[in-house]
Amino acid sequence: MFFYSTNNKSLRVSLKEAVLKGLADDGGLFMPERIPQLPPSFFENIHKHSVDEICFSVADTLIGDDLVKENLHWIVSESINFPIPLVKVTDNIFSLELFHGPTLAFKDVGARFMARLLSYFREGENSDITVLVATSGDTGSAVANGFLEVKGIKVVILYPSGKVSEIQEKQLTTLGQNITALEVKGTFDDCQALVKRAFSDKELNKKTTLTSANSINVARLIPQSFYYFIAYSQLQKSKLPVIFCVPSGNFGNLTAGLIAKRMGLPVEKFIAATNVNDVVPEYLASGKFSPRSSRQTISNAMDVGNPSNFARMLDLYQHDLKLMQQDIAGHHFTDEETRRTMKEVYRQHDYLLDPHGAVGFTAIQKYLAHHQATGIFIETAHPAKFIDVVEEVIGEKIEMPARLAVCVSKPKQSVVMENSYGDLQDFLLQQD
Ligand SMILES: *Cc1c(COP(=O)(O)O)cnc(C)c1O
């Protein structure tokens, strides 16, 4: 499979190059040149297949020509080595729980896949590679965990000081070994801007090998399409159309869903659900895209003012708003609405949502008030990751999973940095 840049369709690179580069030279995002369909028989029999078989079929269809089959199979099964259950919450709403991985968030899937794919492509190289990543919360810990102890790879994570939860911070800053956390005095958008600048800095890139692990990397994007198939395989056969609701920030998760649909997955509609950082729902309603600074909310992994995967969404729909509206509806909610949903769903359905999943649930409820469908929302994180908000909202103590408790008990280790590109440059050059 070749990949082109969203800025230039004639710029083509191999999967290996796309994964190592992260971002195209012209600043565009990589997209597969074709999205092959799986045969109808695959969907008819999907209920009979194991998770492993489903994920491998999807991976093989997209990128099977780029790797030795056994290696691809190993990478797929090592990446999805935890359960991804579809849990019934109401008669027609299901939660796809993507938080059973090592850092209790969906980004484990992409990060684990990318770490393994990258080390496959780096085999035989003798210089180290630096994975540079900006995080608004969960990306950093998922990436760090995914790459922990992987030989020949260093990870440098930038996160906004004071703007991630204590637990998220502990998950980023307690791993040590080949992982360094840079605590930046600024916002997530500042961190992302610093990282983007480092990637486009020609001088710096001559001296050190950088790669991205943000959701812009195709190695993160591709495996995220697997779990849409996994969800579908767990549904009882029914005549009702299936819709997916994706709580979104950078829109990597949603974009992966759109790719799954292009591969033939029968999805009637996607709902792009956001908090008040609503540039994409606003675009879907008005045709105007106005990126702006992000605002802080209780679903802080979605506090993104300029979502990077929007370029891919435009590309998938040839910049045609009407086409995009056929597949995607947008909704946004305030923290107050999110809190209300968390409380109601806990009381009425005995299901504990995290603030991100709650945004998704609210959107799906709104949509199903006017449509007959089976709704699946992506529960992107374990509620215990947002323990302060969750306990305050439901007025009860909740239990912290053991692996989280261990990490919280360790001391934080971070390198504090001004929001200054010069400082980042110096830091990266000292790494070698
Ligand atoms: C990253 C993240 C999101 C947003 O996902 P995108 O792919 O950036 O849209 C939602 N919820 C949680 C918990 C996250 O960590």
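Computed from a prediction, not measured in an experiment: that's the story for all the values here.

Some words on the overall build of the chain
When helices and strands are tallied, the chain shows 20 helices and 14 strands. Summarising its shape, the C-alpha atoms of the chain cover approximately 55 × 50 × 40 Å along the three principal directions. By the burial criterion, 60% of the 432 residues in the chain qualify as buried. Long-range contacts, defined as pairs at least 24 residues apart, comprise 74% of the intrachain contacts of the chain with a sequence gap of at least 6. Summed over its atoms, the accessible surface of the chain is roughly 17,100 Å², and 48% of this surface lies on carbon and sulfur atoms. In the chain, which carries 43 positive and 50 negative side-chain charges, the distance between the mean positions of the two groups comes to 3 Å.

Topic: the site of the ligand
Taken together, 15 residues sit near the ligand, with Lys107, Gly249, Asn250, Phe251 and Thr380 positioned nearest. Contact between the ligand and asparagine 250: an oxygen atom at 2.8 Å from a main-chain N or O atom of the residue. Asparagine 253 has a polar backbone atom sitting 2.9 Å from an oxygen atom of the ligand. When isolated, the ligand has an accessible area of 380 Å², and the protein chains bury 97% of it.

Some points on the nonpolar core
Counting residues in hydrophobic clusters, the biggest one holds 98 residues, and the most contacted among them are Phe3, Leu15, Phe147, Tyr227, Tyr228 and Phe229. The biggest single contributor to this core is helix 5 (residues 107–121), with nine residues. Apart from the residues lying within four places of it in its own chain, the contact partners of phenylalanine 147 are Ala111, Met114, Ala115, Leu118, Val131, Ile153, Val155, Asn178 and Ala213. Residues Ile167, Tyr367, Ile394 and Leu404 belong to the second largest nonpolar core, which totals 35 residues.

Some remarks on helix 13 (residues 279–286)
Of the residues making up helix 13, those classed as buried are Val279, Val280, Pro281, Tyr283 and Leu284. Against the buried residues of helix 13 lie strand 11 (269–274), helix 14 (310–316), helix 15 (321–327) and strand 12 (328–332). Looking one or two places after helix 13, you find glycine 287, whose phi comes out positive at around 80°.

As for the packing of helix 16 (residues 335–349) against helix 17 (residues 355–368)
Here helix 16 crosses helix 17 at 90°, and the two axes come no closer than 9 Å. As summarised for this structure, helix 16 and helix 17 are arranged roughly perpendicular, according to the angle between their axes. Along its contact with helix 16, which presents Glu337, Thr338, Thr341, Met342 and Val345, the element helix 17 presents Pro355, Ala358, Val359, Phe361 and Thr362. In the contact of helix 16 with helix 17, the residues fall into six nonpolar, three polar and one charged.

Description of the pattern of salt bridges
Using the criterion set out here, one finds 16 salt bridges in the structure. Here aspartate 128 ties to lysine 154 by a salt bridge, and the two come within 3.8 Å at their closest N and O atoms. Of the two residues, aspartate 128 is situated in the loop between helix 5 and strand 6 (129–134) and lysine 154 in strand 7 (residues 153–160); the sequence distance between them amounts to 26 residues. Owing to a relative accessible area of 37%, aspartate 128 belongs among the partly exposed residues under this scheme. A salt bridge links lysine 412 to glutamate 183, with the shortest nitrogen-to-oxygen separation between them at 3.2 Å. Residue lysine 412 is found in the loop between helix 19 (402–408) and strand 14 (415–418), and its partner glutamate 183 is found in strand 8 (residues 179–185); the two are separated by 229 residues along the sequence. Given the relative accessible area of 38%, lysine 412 is considered partly exposed. Salt bridges sharing partners connect three or more residues here, namely Glu17, Lys21 and Asp25.

Description of the environment of serine 294
The topology assignment puts serine 294 in the loop between helix 13 and helix 14. Judged by relative accessible area, serine 294 falls into the partly exposed class, the value being 21%. What serine 294 contacts, discounting residues up to four positions off in sequence, is Asp189, Asn277, Asp303, Val304 and Gly305.

Observations regarding the sheet that holds strand 14
Sheet strands line up and pair through hydrogen bonds in the backbone, either parallel or antiparallel. Judged by pairing direction, the sheet is parallel, and its five strands sit side by side in the order 9-6-7-8-14 without closing on themselves. Strands at the two margins of the open sheet, each flanked by one partner only, are strand 9 (210–212) and strand 14. Looking at each pair of strands side by side, their axes are set apart by 30° on average, direction ignored. Taken together, the three bridges between strand 6 and strand 9 define a ladder with parallel strand orientation. Across the sheet, threonine 130 pairs through a bridge with leucine 210, a residue of strand 9. Of the strands in this sheet, strand 6, strand 7 and strand 9 touch helix 5, which is tilted by about 145° from strand 9. Sitting on the sheet, helix 7 (residues 166–173) touches strand 7 and strand 8, and the angle it makes with strand 7 is about 155°.

Thresholds, definitions, all that
Residues numbered from 1 in each chain as written. Predicted model: local features only at pLDDT ≥ 70, side-chain atom pairs only at ≥ 80, totals over all residues. Heavy atoms only, no water. Helix = DSSP H or I, 4+ residues; strand = E, 2+ residues; numbered from the N terminus. Buried < 20%, exposed > 50% of the residue type's maximum accessible area, 1.4 Å probe, protein only. Contact = heavy atoms within 4.5 Å. Areas by Shrake-Rupley, 256 points an atom, 1.4 Å probe, with all protein chains shown as cover. Lys, Arg positive; Asp, Glu negative; His and termini not counted. Charge placed at Lys NZ, Arg CZ, Asp CG, Glu CD. Near = heavy atom within 4 Å. Polar contact = N/O pair within 3.5 Å; in protein donor to acceptor, adjacent residues only side chain to side chain. Core = buried A, V, L, I, M, F, W, Y, C linked by side-chain atoms within 4.5 Å. Axes fitted to C-alpha atoms, helices over the stretch in contact; angles between N-to-C directions. Parallel < 35°, antiparallel > 145°, perpendicular 65-115°, else oblique. Nonpolar A, V, L, I, M, F, W, Y, C, P; charged D, E, K, R; others polar. Salt bridge = Lys/Arg side-chain N within 4 Å of Asp/Glu carboxyl O. Pairing = 2+ DSSP bridges.

In short, geometric facts, not functional conclusions.
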